[in-house]
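Below are the chains, spelled out letter by letter.
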Amino acid sequence: MRRHRPVVSLLAGALAVAVALALPPATGARSAVAAQAARTARTTRADLDAARRRAAVLESELALAATRKPYLVLDLGGRALRYRLMGMTMREVPIHDLAVEGLETSEGTPGAPLLAGIFTLQEKENDPRLKPLSPEQVEDGADDENAANALPPEPPREYRLSFKQPIAVEVLGRETRSGVDGMWGRFVGALRRWHGPAGGDEARLKIALHLDPDVASEIYRSLIPELRLLVLPPDGMTLPAAGQEAPPKPRPAKKPPAPVEKPSEPKDVPFAIPPPEDEQNRKAAEENGETTEPPPAEAPPVPAPEPPPPPPPGGGTQAPGPGRAAAGSRGGTAGSHGSGGGHGLSGRLSRPT
Amino acid sequence: MTRRETWLVAAGAVVVLALVVFFARHRGPAPAPVDGRPLDAAGEKEFKSLASRTDTLAHRLDALAPKAPVYLVIDTGRNRLSLIENGTETLNAVCSTGSGRALVDPERKRRWVFETPRGEFFIRAKHPDPVWIKPDWAFLEVGEAIPRKLAERLAPTELGAYAMDLGDGYLIHGTLYKRALGLSVTHGCVRLGDDDLDRVYHKVRIGTPVYIY
């Protein structure tokens with residue numbers, strides 16, 4: 001043992017250096033400075049930086065919330081992924097681990113897009129919408145009353161997300177079991193971190209998120225093209241200039257529901273189709289000499305018309321809503337996300353959509 | 001130092017170097033240190049301006065949150081529908097939402113994506129005993145010919161006891177396929193089980209907001 005003492009000492013010293021390098025930088029110093037600032041109770045440059053960050057986040061959030069569409073907030077410092085809609089946090093997911101490449105040190109007065117960057121999802125890996133049902137699958141589904149039921153898509157646990165901007169996000173659903181059971185998962189996770197986040201050379205910001213496997217699948221299901229992602233760098237860091245979008249223009253509120261029209265009876269229908277329930281109630285009230293009910297309290301007050309939706313990604317021909325299909329229509333475009341899979345309902349036949 | 005010890009030292013050095021590279025690579029750039037220096041007059045002015053602006057922005061953001069006493073929240077990722085009454089979740093029901101699959105009609109060059117739309121919607125109509133008029137895709141996806149007569153498209157029991165119209169042909173309705181509740185299997189509508197459908201139908205009114213994410 002005595003013969004190996006120099007070697008052991010050398011190794012121990014080198015290991016200590018490596019561990020020191022791996023530790024988070026100067027956390028003690030940061031807290032000491034903050035404590036000193038608090039004691040003096042004066043506004044510091046750190047406070048100004050924090051205020052700039054908060055203003056940038058709120059500017060972006062307000063613009064995204066006003067679109068009335070859901071968006072994701074990826075808080076790299078807080079290690080959380082939040083689903084937000086109109087300022088409400090619909091869901092918050094903790095990030096077990098993450099690897100980021102491309103962040104820069106905060107210097108000078110960084111612009112708002114570097115403190116809160118908005119990116120637009122272009123495609124998720126193996127998106128089922130990109131693989132239409134094949135004739136064979138249609139044939140297989142012919143025996144079933146509902147082919148979609150026969151072929152439920154299985155969402156992946158690990159996938160990559162590509163954006164319109166040069167950034168790459170990889171989601172890795174990994175078990176986070178403790179003890180010996182989780183050793184393999186932790187080892188694989190460490191190797192993935194060592195390898196770095198996925199993404200080509202053109203990606204200026206690469207992020208790998210380690211989530212619970214089930215959560216990763218759920219997130220996958222809820223992701224659709226054109227979804228906005230707001231990335232918040234940790235304190236003291238900024239995002240690289242990666243083509244962040246300017247905050248989107250607010251979307252006008254949707255029209256409040258119009259008074260229900262009496263649906264016309266389609267030809268060849270062997271029975272009468274009942275009108276909507278509220279129509280029945282209103283008629284009954286009018287017959288009894290009661291006044292018509294005012295609009296419901298929760299009805300949205302702004303009747304501004306909705307702008308036409310953008311063309312769907314991919315440029316594929318979109319079919320009209322099923323109600324129109326039933327009425328024999330052929331053309332038209334679907335919703336903003338290339339949808340058009342709704343159901344035709346008897347009462348909607350005479351209604352334009 | 002013998003030759004063996006020299007080799008040991010060299011091997012140890014290689015291991016340590018690998019460790020350093022392993023950890024250092026993922027530290028990334030160090031964040032800028034906290035600057036505890038007090039602000040000058042210009043900085044103070046900017047800080048006050050920012051504080052005022054953030055208050056305004058936060059207030060405007062809060063104003064966007066729903067004020068309705070009753071609204072629905074649909075989580076397409078977990079396939080859950082929540083009924084919120086006066087800020088409290090009074091129902092958390094299993095539902096089914098869009099599969100995200102696409103279907104192509106090569107003959108007429110049409111394409112459908114069976115996705116539940118996201119965003120803010122409102123209940124636009126309520127239909128008891130709805131009759132579904134099966135659209136073209138319902139026949140195409142099972143390899144059947146598209147019928148010419150409307151009567152051949154009618155499916156009186158398919159949508160369950162009630163349907164609530166969200167606009168653009170999307171509905172919240174019942175289902176015959178109860179096994180599939182909790183799965184993303186629909187053509188864009190939101191399916192509910194019988195009991196949950198009954199409860200939701202009698203709680204919402206025309207104009208009730210629905211938030212889908």
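Conventions adopted
- Residues numbered from 1 in each chain as written.
- Chains lettered and ligands numbered in written order.
- Predicted model: local features only at pLDDT ≥ 70, side-chain atom pairs only at ≥ 80, totals over all residues.
- Helix = DSSP H or I, 4+ residues; strand = E, 2+ residues; numbered from the N terminus.
- Buried ≥ 20, exposed ≤ 12 C-beta atoms within 10 Å, placed from the backbone.
- Contact = placed C-beta atoms within 7 Å.
- Core = buried A, V, L, I, M, F, W, Y, C linked by C-beta atoms within 7 Å.
- Axes fitted to C-alpha atoms, helices over the stretch in contact; angles between N-to-C directions.
- Parallel < 35°, antiparallel > 145°, perpendicular 65-115°, else oblique.
- Left-handed = near helix turned anticlockwise from the far one by under 90°.
- Nonpolar A, V, L, I, M, F, W, Y, C, P; charged D, E, K, R; others polar.
- Pairing = 2+ DSSP bridges.
- pLDDT = per-residue confidence, 0-100.

**Comments concerning the overall build of chain A**
Here comes step 1: For chain A, the count of helices and strands is 10 helices and 11 strands.
Here comes step 2: The proportion of buried residues among the 353 residues of chain A is 37%.
Here comes step 3: Within chain A, contacts between residues at least 6 apart in sequence are counted, and of these 69% link residues at least 24 apart.

**With respect to the nonpolar core**
Soluble, globular proteins show a tendency: their nonpolar side chains are buried together.
Here comes step 1: Residues Leu72, Leu209 and Leu230 of chain A together with Leu72 and Val210 of chain B are the most contacted members of the largest nonpolar core, which totals 86 residues.
Here comes step 2: Other than its neighbours up to four places away in sequence, Leu72 of chain A contacts Leu81, Tyr83, Leu227, Leu229 and Leu230 of chain A.
Here comes step 3: Counting residues in hydrophobic clusters, the runner-up holds 9 residues, among them Trp112, Phe114, Trp137 and Ala138 of chain B.

**Regarding the packing of helix 3 (residues 45-65) of chain A against helix 2 (residues 41-64) of chain B**
Here comes step 1: It is the contact of helix 3 of chain A with helix 2 of chain B, at a shortest axis distance of 9 Å, that shows an interaxial angle of 30°. Overall, the two elements helix 3 of chain A and helix 2 of chain B adopt an arrangement that is roughly parallel. Like other packed secondary-structure pairs, helix 3 of chain A and helix 2 of chain B cross with a definite hand, here left-handed. Here Arg45, Asp47, Leu48, Ala51, Arg52, Arg54, Ala55, Leu58, Glu59, Glu61, Leu62 and Ala65 of chain A of helix 3 of chain A lie close against helix 2 of chain B, whose contacting residues are Gly43, Glu46, Phe47, Leu50, Ala51, Arg53, Thr54, Leu57, Ala58, Arg60, Leu61 and Leu64 of chain B.
Here comes step 2: Residue composition of the contact of helix 3 of chain A with helix 2 of chain B, by class: 13 nonpolar, 2 polar and 9 charged.

**Some details on the pairing of strand 6 (residues 117-124) of chain A**
All names here are of chain A.
Here comes step 1: Inspection of the sheet shows strand 6 paired to strand 10 (residues 228-232) by 4 bridges, in the antiparallel sense. Opposite Ile118, over in strand 10, you have Leu230 as the bridge partner.
Here comes step 2: Relative to strand 7 (residues 158-163), strand 6 runs antiparallel, the two being bridged by 3 bridges. Of the residues in strand 7, the one forming a bridge with Leu121 is Phe163.

**As for helix 8 (residues 213-222) of chain A**
Count 3.6 residues to each turn of an α-helix, and residues three or four apart come out pointing the same way.
Here comes step 1: Of all 10 residues in helix 8 of chain A, 8 are buried, a share of seventy percent or more.
Here comes step 2: Within the sequence span of helix 8 of chain A, burial applies to Val215, Ala216, Ser217, Glu218, Ile219, Tyr220, Arg221 and Ser222 of chain A.
Here comes step 3: Buried residues along helix 8 of chain A sit against strand 3 (88-94), strand 6, strand 7, strand 8 (167-173) and strand 9 (205-211) of chain A together with strand 12 (184-186) of chain B.

**Here we look at unusual backbone geometry**
Here comes step 1: At Asn126 of chain A, a position not held by glycine, the phi torsion is positive, near 55°.
Here comes step 2: Mapping Asn126 of chain A onto the fold places it in the loop between strand 6 and helix 5 (135-141).
Here comes step 3: Even without glycine at this site, Lys109 of chain B takes up a positive phi of about 55°.

**Brief notes about the sheet that holds strand 9 of chain A**
Residue and element names in this part refer to chain A.
Here comes step 1: Read across the open sheet, the 9 strands follow the order 3-2-1-10-6-7-8-9-4; overall the sheet is mixed. Each of the sheet's edge strands pairs with one partner strand only, and the pair in question is strand 3 and strand 4 (97-101). Across the sheet, the mean angle from the axis of one strand to that of its neighbour is 25°, orientation sign disregarded.
Here comes step 2: As paired strands, strand 1 (residues 71-75) and strand 10 are joined by 5 bridges and run parallel to one another. Pairing of Leu74 across the sheet is with Val231, part of strand 10.
Here comes step 3: Lying over the sheet, helix 3 contacts strand 1, strand 6 and strand 10, oriented at roughly 170° with respect to strand 10.

**Quick look at the pairing of strand 1 of chain A**
Two faces, one strand: in a regular strand the side chains alternate between the faces of the sheet.
Residue and element names in this part refer to chain A.
Here comes step 1: Along strand 1, 4 of the 5 residues are buried, which leaves the element largely enclosed by surrounding structure.
Here comes step 2: Where strand 1 lies against strand 2 (residues 80-85), 5 bridges are found, and the strand directions are antiparallel. By the bridge assignment for strand 2, Val73 is matched with Arg82.
Here comes step 3: In this antiparallel pair of consecutive strands, strand 1 and strand 2, the connection spans 4 residues, and Arg79 shows a positive phi of 50°.

**Some words on the confidence of the model for chain A**
All names here are of chain A.
Here comes step 1: Scored by pLDDT, chain A has a mean of 69; 46% of the residues are at 70 or more.
Here comes step 2: For chain A, per-element mean pLDDT is lowest for helix 10 (residues 322-326), which scores 33, and highest for strand 1, which scores 97.
Here comes step 3: Across residues 261-275 the pLDDT falls below 50, and counting only partners more than four positions away or on other chains, this stretch makes 29 contacts in the model.
Here comes step 4: For residues 346-353, every residue scores under 50 in pLDDT, and the model assigns this stretch 27 contacts once sequence neighbours within four places are set aside.

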